[in-house]
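# Observations on the three-dimensional arrangement
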Amino acid sequence: MSALMSLLSDVLYRYIARSFEEEKVKTVLIGSNTKVFLDDGYVELVKGSEYYLPRWIAARLEEEKHASIPDEIDDRTLATLSFSEEVKLTQEDSVKFRELKGFFYQHVKWKIQRMLEEYRKELIKDPKALTGKSETIRRMTENLEDLANKRRKRMIIALNAPFTPKMLENLSEEEKLFYTSVRSFIEEYYNKVLKVGGSTG
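Residues numbered from 1 in each chain as written. Predicted model: local features only at pLDDT ≥ 70, side-chain atom pairs only at ≥ 80, totals over all residues. Heavy atoms only, no water.

## Some points on the pattern of salt bridges
Scanning all chains against the criterion turns up 15 salt bridges. Across the salt bridge formed by K111 and D71, the nearest N and O atoms sit 3.7 Å from each other. Of this pair, K111 sits in helix α5 (residues 104–125) while D71 sits in the loop between β5 (67–68) and α3 (75–84), and the two are 40 residues apart along the sequence. Judged by relative accessible area, K111 falls into the buried class, the value being 18%. Under the relative-accessibility criterion, D71 is labelled partly exposed at 28%. For K192, the salt bridge goes to E188, with nearest N and O atoms at 3.3 Å. (Salt bridge = Lys/Arg side-chain N within 4 Å of Asp/Glu carboxyl O. Helix = DSSP H or I, 4+ residues; strand = E, 2+ residues; numbered from the N terminus. Buried < 20%, exposed > 50% of the residue type's maximum accessible area, 1.4 Å probe, protein only.)

Spelled out as structure tokens, the structure:
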């Protein structure tokens, strides 16, 4: 059973990772005009203009210093979200979440990874000047884990409540997939294995 669940987790993760790469993100062109290939063919991007591009294209343009990706998530934002997500062990409170947009967890992990890469490059130049950046990375990592744990507990409680579409409104895309997958598994298992009159073979 553990091998089966591990395989399922891998499949779901690959789906999430792929969807995250294709997610449209706000991108500001800061370099010279350039062309990119999108679904409808080549599109010319004009310096100073804003576009919504698949993340993998936006990231490539940013690496080449052609564009920037505005990002409002920082360690303070994560700390505030984590602090506000205190778990209340009642069904009524369990379904009330603060909104997390898009692939929130992948977004933060992606940002931390980029910060780590930048940190390693700069560490060679001036190790003493990077104490603040390493602390920021540590706080972001801890706050993300704390936030995920609190919301996971709340989602598990919510599995016992009657389902309504409103339950999914403020969940991130990763959380929606987690919640709907676990709920479907529980219902299928109950109906076929535990329920009297369920499947016997």
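The rest of the description comes next.
## Details of the sheet that holds β5
If you walk across this open sheet you meet the 3 strands as β4-β1-β5, and the pairing is antiparallel. Every other strand in the sheet has two partners, leaving β4 (50–54) and β5 as the edge strands with one partner each. Where strand β1 (residues 24–29) meets β4, 5 bridges bridge the pair, whose relative direction is antiparallel. The residue of β4 that forms the bridge with K24 is P54. Helix α2 (residues 55–63) contacts β1, β4 and β5 of the sheet and is inclined by roughly 120° relative to β4. (Pairing = 2+ DSSP bridges. Contact = heavy atoms within 4.5 Å. Axes fitted to C-alpha atoms, helices over the stretch in contact; angles between N-to-C directions.)

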